Amino acid sequence: MHSNLFLRTMSALVLAPLVLGSIWFGKMVYEGYSIPLYPILLASFGVGLAWEWSIMLDKKLSGSTMVMALFAALVAFLTEGNPLFALWLSLLGMTIVYWKTNGRMGYSLGTLYICLPILSLGYIYYINDTISREIVLWLFFVVWATDIGGYVVGKTLKGPKLAPKISAKKTWSGLIGAILFAVGVAYLFALYLDAYNYIAPESGVTFKQLTLVLTVSAGILAVVAQAGDFFESAIKRSLNLKDSSNLIPGHGGLFDRVDGLLFASVVTALIIYFFNRGGVFF
């Protein structure tokens, strides 16, 4: 138990700065060359998830793995210029994978399962120059808080299982803890945005309104992230797997770490897209 906790902590200490640094800087200029850190981060996610998906389904890599990884990387790099085109790329990738695997829905739908969150994270990041980077950070922090709150409170209080046929460890107390942690982190993030004047006074948005939007959204996304966790757990159970891989020491696989983020990112992008059409956000 202590060894596993040590591995989890060490992995988090290595990976978290890489993720946060890529989000914060976005692009880094080195000796006159622009290094697209954020697209590289998303492309790395996509390639890693494509690899894991193939290992989970067939325990081997194939030509379809390469196609999934290629389209995930293309979506990561092309969303900034044209998110609609990136969506079409995702659908095209799904179609090609369906054809290459002779109609295996597991592979073709897996392509969308990977590409749509990457598209969503790119869409959120590039929609606004002033605050969209912070929204991505808020999203990551909310999902991480959901995982931590669910784990800590669920382990401490235990109680009735949430869905024992899908996940034997998830409890109702863990879900409540996940929501509370997510809301708490969102409130702290609202304080940060207000302190550094990310919300312009001329926008008419008050701190109370900002806090309400971020905390309520965080509570909803905590439930969505838990649904993403259950979805991946159901897939692993159907494949008789404990972890999606052993890629990350102490954590299991990449899917095991980002399962909640996959769902939460798509929901966040959809909310922003539909509300932004009326100029509500930006």
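For clarity, every value in this text was computed on a predicted model and none was experimentally measured.

Trainee: Looking at this model, I keep getting lost on the nonpolar core. Mind explaining?
Mentor: The nonpolar side chains of a soluble globular protein tend to be buried with one another. Formed by 63 residues in total, the largest nonpolar core has its most connected members in I23, W53, I114, W138 and L139. Setting aside residues no more than four positions away along its own chain, L139 makes contact with L121, I124, L221, L261, A264, S265 and T268.

Trainee: Sorry if this is basic, but what is going on with empty space enclosed by the protein here?
Mentor: Gaps left between atoms are located by rolling a probe of water-molecule size over the structure's atoms. The final tally for this structure, using the stated rule, is one cavity of 30 Å³ or more. Approximately 50 Å³ is the volume found for the largest cavity. Residue lining of the largest cavity: F45, L49, I114, P117, I118, L121, V258, L261 and L262, and that is the complete set. Here the residues of the lining of the largest cavity sort into nine nonpolar, no polar and no charged.

Trainee: Quick question: what am I supposed to make of the pattern of salt bridges here?
Mentor: Any two side chains of opposite charge can pair if their charged atoms end up close together. Within the structure shown, the criterion is met by seven salt bridges. With a closest N to O distance of 2.8 Å, R104 and D58 form a salt bridge. With R104 in the loop between α4 (83-100) and α5 (105-126) and D58 in helix α2 (residues 37-58), this residue pair connects regions lying 46 residues apart in the sequence. R104 sits in the partly exposed class, given a relative accessible area of 35%. Across the salt bridge formed by K236 and E232, the nearest N and O atoms sit 3.6 Å from each other. Residue K236 and its partner E232 are located together in helix α8 (residues 207-238), separated by four residues, close to a single helical turn. Neither residue differs from the other here; K236 and E232 are each classed as buried. Within the structure, one salt-bridge network assembled from shared partners comprises E232, K236 and D256.

Trainee: I'm lost on α2 in this one. Help?
Mentor: Look at α2: 32 Å from first C-alpha to last across 22 residues, which is about the 32 Å you get at 1.5 Å a residue. Just past α2, the residue K59 takes up positive phi, approximately 60°.

Trainee: In this structure, what is going on with the packing of α4 against α5? I would like to understand it.
Mentor: Relative placement of two packed helices is described by the angle separating their axes and the distance separating the axes. Where α4 meets α5, the axes come as close as 8 Å, and the angle between the chain directions of the two elements is 165°. Taken together, the axes of α4 and α5 lie roughly antiparallel to each other. Here α4 runs over α5; the crossing is right-handed. Residues P83, A86, L87, S90, L91, G93, M94, V97 and Y98 of α4 form the contact with α5, whose participating residues are M105, Y107, S108, L109, T111, L112, C115, L116, L119 and Y123. For the contact of α4 with α5, the residue count by class is 15 nonpolar, four polar and no charged.

Parameters at a glance
- Residues numbered from 1 in each chain as written.
- Predicted model: local features only at pLDDT ≥ 70, side-chain atom pairs only at ≥ 80, totals over all residues.
- Heavy atoms only, no water.
- Core = buried A, V, L, I, M, F, W, Y, C linked by side-chain atoms within 4.5 Å.
- Buried < 20%, exposed > 50% of the residue type's maximum accessible area, 1.4 Å probe, protein only.
- Contact = heavy atoms within 4.5 Å.
- 1 Å grid on protein atoms, 1.4 Å probe; cavity = no way out; pocket = protein on both sides within 12 Å on 5 of 7 lines; lining within 4 Å.
- Points joined across faces, edges and corners; volume = space filled by probe spheres on them.
- Nonpolar A, V, L, I, M, F, W, Y, C, P; charged D, E, K, R; others polar.
- Salt bridge = Lys/Arg side-chain N within 4 Å of Asp/Glu carboxyl O.
- Helix = DSSP H or I, 4+ residues; strand = E, 2+ residues; numbered from the N terminus.
- Expected span 1.5 Å × (residues − 1).
- Axes fitted to C-alpha atoms, helices over the stretch in contact; angles between N-to-C directions.
- Parallel < 35°, antiparallel > 145°, perpendicular 65-115°, else oblique.
- Left-handed = near helix turned anticlockwise from the far one by under 90°.

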